[in-house]
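Chain by chain, the residues run as shown.
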Amino acid sequence: GRAGRRAAMSAQGDCEFLVKRARELVPHDLWAAKAWLITARSLYPADFNIQYEMYTIERNAERTSSAGRLLYDIFVNFPDQPVVWREISVITSALRNDCQDKQTQFLRGLFETLPGRIQCEMLLKATEQCFNTLERAEMLLLLLRRFPESVVQHGVGLGESLLEAENIEDQESPVNCYRKLFVCDVLPLIINNPDVRLPAALLYKYLNKAAEFYINYVTRSTQMESQYQGVQDTPDLLSPSKRSSQKYVIEGLTEKSSHITDPWERVFKILSVVGVRCEWQMDMSRRSFGDILLKMKDVCRYIGNYDNEAHTKYKTQVTYSTMLVFFKNAFQYVSSIQPSLFQGPNAANQHPFVLLEDVSNVYGDADMDRSKHLHKKRKLAEGREKTMSSDDEDPSGKGRNRHITIHAAELPNSVEVLESFRLARESWELLHSLESLDKEFTRICVSWKTDTWLWLRIFLTDMIIYQGQYKKAIASLHHLAALQGSHSPQQIPGQGSLENQRALIQLATCHFALGEYRFTCEKVLDLMCYMVLPIQEGAKLQEEQPKLKSKFRKVSELKLWPFTSAAIMPYCLRLLLACFKVSSCFVCSGKTKPSFASTVLVWVVVVLGGIPQRENAWMAWRSP
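Residues numbered from 1 in each chain as written. Predicted model: local features only at pLDDT ≥ 70, side-chain atom pairs only at ≥ 80, totals over all residues. Heavy atoms only, no water.

**Some details on the overall build of the protein**
Okay, step 1: Counting its regular elements, the protein contains 28 helices and three strands.
Okay, step 2: Within the span of the protein, comprising 624 residues, buried residues form 51% of the whole.
Okay, step 3: Across the protein, the fraction of contacts at a sequence separation of at least 24, relative to all contacts at a separation of at least 6, is 74%.
Okay, step 4: Roughly 30,100 Å² of accessible area belongs to the protein as shown, and the carbon and sulfur atoms make up 52% of that amount. (Helix = DSSP H or I, 4+ residues; strand = E, 2+ residues; numbered from the N terminus. Buried < 20%, exposed > 50% of the residue type's maximum accessible area, 1.4 Å probe, protein only. Contact = heavy atoms within 4.5 Å. Areas by Shrake-Rupley, 256 points an atom, 1.4 Å probe, with all protein chains shown as cover.)

**As for the environment of phenylalanine 421**
Okay, step 1: Take phenylalanine 421: it is sitting in helix 19 (residues 414-431).
Okay, step 2: Counting along the chain gives 88 residues from phenylalanine 421 to tyrosine 333, while the straight-line C-alpha distance between them is 5.9 Å.
Okay, step 3: For phenylalanine 421, the residues in contact, after removing those within four places along its chain, are Tyr333, Leu355, Ile404, Phe459, Asp462, Met463 and Tyr466.

**With respect to helix 7 (residues 116-128)**
Okay, step 1: For helix 7, which comprises 13 residues, the first-to-last C-alpha distance of 19 Å matches the rise-based estimate of 18 Å (1.5 Å per residue) to within 8%.
Okay, step 2: All of the buried residues along helix 7 are Ile118, Gln119, Met122, Leu123, Ala126 and Thr127.
Okay, step 3: Where helix 7 is buried, its residues meet helix 4 (64-77), helix 5 (82-96), helix 6 (102-112) and helix 8 (133-146). (Expected span 1.5 Å × (residues − 1).)

**As for the pattern of salt bridges**
Okay, step 1: By the definition in use, this model includes 18 salt bridges.
Okay, step 2: A salt bridge links glutamate 121 to lysine 125; the nearest nitrogen and oxygen atoms lie 3.3 Å apart. On the criterion of helical spacing, the pair formed by glutamate 121 and lysine 125 is a turn pair, its members being four residues apart in helix 7.
Okay, step 3: A relative accessible area of 28% means that glutamate 121 is categorised as partly exposed.
Okay, step 4: Overall, the relative accessible area of 25% leaves lysine 125 in the partly exposed class.
Okay, step 5: Residues glutamate 426 and arginine 422 are paired through a salt bridge, measuring 3.0 Å at the closest nitrogen-oxygen approach. Remark: arginine 422 and glutamate 426 occur in helix 19; sequence separation between them is four residues, near one turn of the helix. (Salt bridge = Lys/Arg side-chain N within 4 Å of Asp/Glu carboxyl O.)

**Section: the packing of helix 5 against helix 8**
Okay, step 1: Running from N to C, helix 5 and helix 8 point in directions that differ by 75 degrees, and their axes come no closer than 10 Å. Between helix 5 and helix 8, the crossing angle belongs to the class labelled roughly perpendicular. Between helix 5 and helix 8, the residues in contact are Thr92, Leu95 and Arg96 and Glu135, Glu138, Met139, Leu142 and Arg146, respectively.
Okay, step 2: Residues that form the contact of helix 5 with helix 8 fall into these classes: three nonpolar, one polar and four charged. (Axes fitted to C-alpha atoms, helices over the stretch in contact; angles between N-to-C directions. Parallel < 35°, antiparallel > 145°, perpendicular 65-115°, else oblique. Nonpolar A, V, L, I, M, F, W, Y, C, P; charged D, E, K, R; others polar.)

**Some words on the sheet that holds strand 3 (residues 558-562)**
Okay, step 1: An order of 1-3-2 is seen for the three strands of this open sheet, with the pairing classed as mixed. Strand pairing shows two members of the sheet lacking a second neighbour, strand 1 (353-357) and strand 2 (404-405), which therefore form its edges.
Okay, step 2: Pairing between strand 2 and strand 3: two bridges, direction parallel. Among the inter-strand pairings, isoleucine 404 is bridged to a residue of strand 3, identified as leucine 558. (Pairing = 2+ DSSP bridges.)

**Looking at helix 5**
Okay, step 1: Helix length check: helix 5, at 15 residues, gives a terminal C-alpha distance of 21 Å against a target of 21 Å (1.5 Å per residue), a fit within 8%.
Okay, step 2: Every buried residue belonging to helix 5 is among Val83, Val84, Trp85, Glu87, Ile88, Ile91, Thr92, Ala94 and Leu95, and all of these are buried.
Okay, step 3: Next to the buried residues of helix 5 lie helix 3 (48-60), helix 4, helix 6, helix 7 and helix 8.

**Re the nonpolar core**
Okay, step 1: In this structure, Tyr55, Phe326, Phe327, Tyr333, Trp455, Phe459 and Leu560 are the most contacted members of the largest nonpolar core, which totals 151 residues.
Okay, step 2: Counting residues in each nonpolar core, the second largest holds 23 residues, with Val359, Leu527, Met569 and Ala578 among its members. (Core = buried A, V, L, I, M, F, W, Y, C linked by side-chain atoms within 4.5 Å.)

**Regarding the confidence of the model for the protein**
Okay, step 1: Per-residue confidence for the protein averages 77 on the pLDDT scale, and 72% of its residues sit at or above 70.
Okay, step 2: Confidence scores differ between elements of the protein, with helix 13 (residues 240-244) showing the lowest mean pLDDT of 36 and helix 11 (residues 200-218) the highest of 96.
Okay, step 3: Counting interchain partners and residues more than four positions distant, the pLDDT-below-50 stretch residues 222-246 has 33 contacts.
Okay, step 4: A low-confidence stretch, residues 620-624 stays under pLDDT 50, and its non-local contacts, those more than four residues away or across chains, total 13 contacts. (pLDDT = per-residue confidence, 0-100.)

**Comments concerning the packing of aromatic side chains**
Okay, step 1: One pass over the structure, following the stated rule, counts 28 aromatic pairs.
Okay, step 2: Centroid distance phenylalanine 268 to phenylalanine 289: 5.3 Å. Interplanar angle 50 degrees. Geometry classified as tilted. Of the two residues, phenylalanine 268 is situated in helix 15 (residues 263-277) and phenylalanine 289 in helix 16 (residues 289-302); the sequence distance between them amounts to 21 residues.
Okay, step 3: Here the basic side chain of arginine 425 rests over the ring of tyrosine 466, its NZ or CZ set 4.0 Å away from the ring centre.
Okay, step 4: The ring of tryptophan 561 carries lysine 559 above its face, with NZ or CZ at 4.4 Å from the centroid. (Phe/Tyr/Trp six-rings, centres within 6.5 Å; stacked < 30°, edge-to-face > 60°. Lys NZ or Arg CZ within 6 Å of the ring centre and 35° of its normal.)

**A closer look at the packing of helix 16 against helix 17 (residues 308-337)**
Okay, step 1: For the pair helix 16 and helix 17, the least separation of the axes is 10 Å and the interaxial angle reads 150 degrees. Regarding helix 16 and helix 17, the two cross each other, and that crossing is left-handed. Facing helix 16, whose interface residues are Phe289, Ile292, Leu293, Met296, Val299 and Cys300, helix 17 presents Tyr314, Gln317, Val318, Ser321, Thr322, Val325, Lys328 and Asn329.
Okay, step 2: Of the residues belonging to the contact of helix 16 with helix 17, the class tally is nine nonpolar, four polar and one charged. (Left-handed = near helix turned anticlockwise from the far one by under 90°.)

See the structure below:
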């Protein structure tokens, strides 16, 4: 008893004395200090303080090999000491961060000197010490990357814990720290490991999460842009060059960790891997969007012949493959015609475009023949409405193979833009071609809240205009206006937003196609409030303006017009002149108030004073 306690206290006192003596010698004689500790360890091999002091000396001297050997000893012999875990926490933190300072590099090198088995055990135990979900996930990721064999045991569990944390935290956007770690870091480790067995339903769930994340990440600047626009005071700060220089950081992550390279390539890679695992038809890797779409159309022809299990498999293949082709190409189209919506180094050098009916052929000489009676003009207007609108005749709009013109000088990548528009349009039609596909695609869109995506509404509106469904297009444009209001509640005084101006001119062209000429003029006049007369730009665009045609075309054409005052004001003039010439509602005094007609006439004169080709336009207006 008592003698034993006295001996233990004496030994402890001796150990403390030896450690204290060694510390005193370190500043003056390092080798003498190390000699004292070596002696102390020989006398008391089970004392933690002596061994930890030896490790501290080697670590402070940044001797990687000797410090690593001592760290190994104290981790194996004293695994429950709190000070050991504080040290391991410092080391694992150095492994996770992006710093390149000398101390951090030393700690990483120190960890590398440990045997692989010890590294694995150390990371696992360090993970158990973490109570923060993100920190725990990052620690486990270190383990999974260094020891791929551990993916089988820990990969799926880590992924599910991140998705669960996302739900618990009730994240507003899928672009959050939990989803990013799951989609970009954990998921590739899981699905690319052949030893990890996953049921098809779980793979489809993960594919859905990945697709939603990447699409929202790529198009995130739509929301960011609107928020940024609402709090600034000067238009200069809204320039695309200023926007493209902004850094995007996901809350909870570093700037480096928030940056994702080639997001579209990543999501199509996941689609390909899931397809191989689920035994889909056709390997998706290294396939063009056109090839994928053609194959999906082929699968759809026979999808009804499969049993329930195979039907579900191929329905999922067609839905996700076609859906990703749709979103990718719709994004490509919108980012080309309205580059300011998205971040990009070339946005500052591009102006937006807007899809409109080509009305340059409306008021030629043949249609202005003096011998025509009023009732014939009415019939002409009615016939034109039937020709240009497929709302009643072709609800699907699929039968319309309309031509879209773009001047190559105005949009150098015009071929790619039109191809993206075609692929997105055909993908949309395929997704709605079968009830099972329509139902599944609608379910996904509802869960992703795609009805709130401003950029997608811009594409859908253009697609509906292309299909000639002008009443639906008008409803879509009103939806677009509501979206714009929700994204940018604070509008800069005296300045209409780009989306609002686009909506006005497209509303005007839709009303014109429906024969609603009064509404057409009202929208044109509303738009004129935001236009600046392009007096100095006129000479430059003279040769680019389409020539007046002598008669109506049976199928109207579309054109992507540069959304600039110099291009839009001549178009607005054509709409006004066409309304006067084609519609009899301005001839009948009982149909139109003189004040309204006078207002339109005043604007015609004003516009004529500031656009190119005003002499030709004026002569066309004066002809009876």
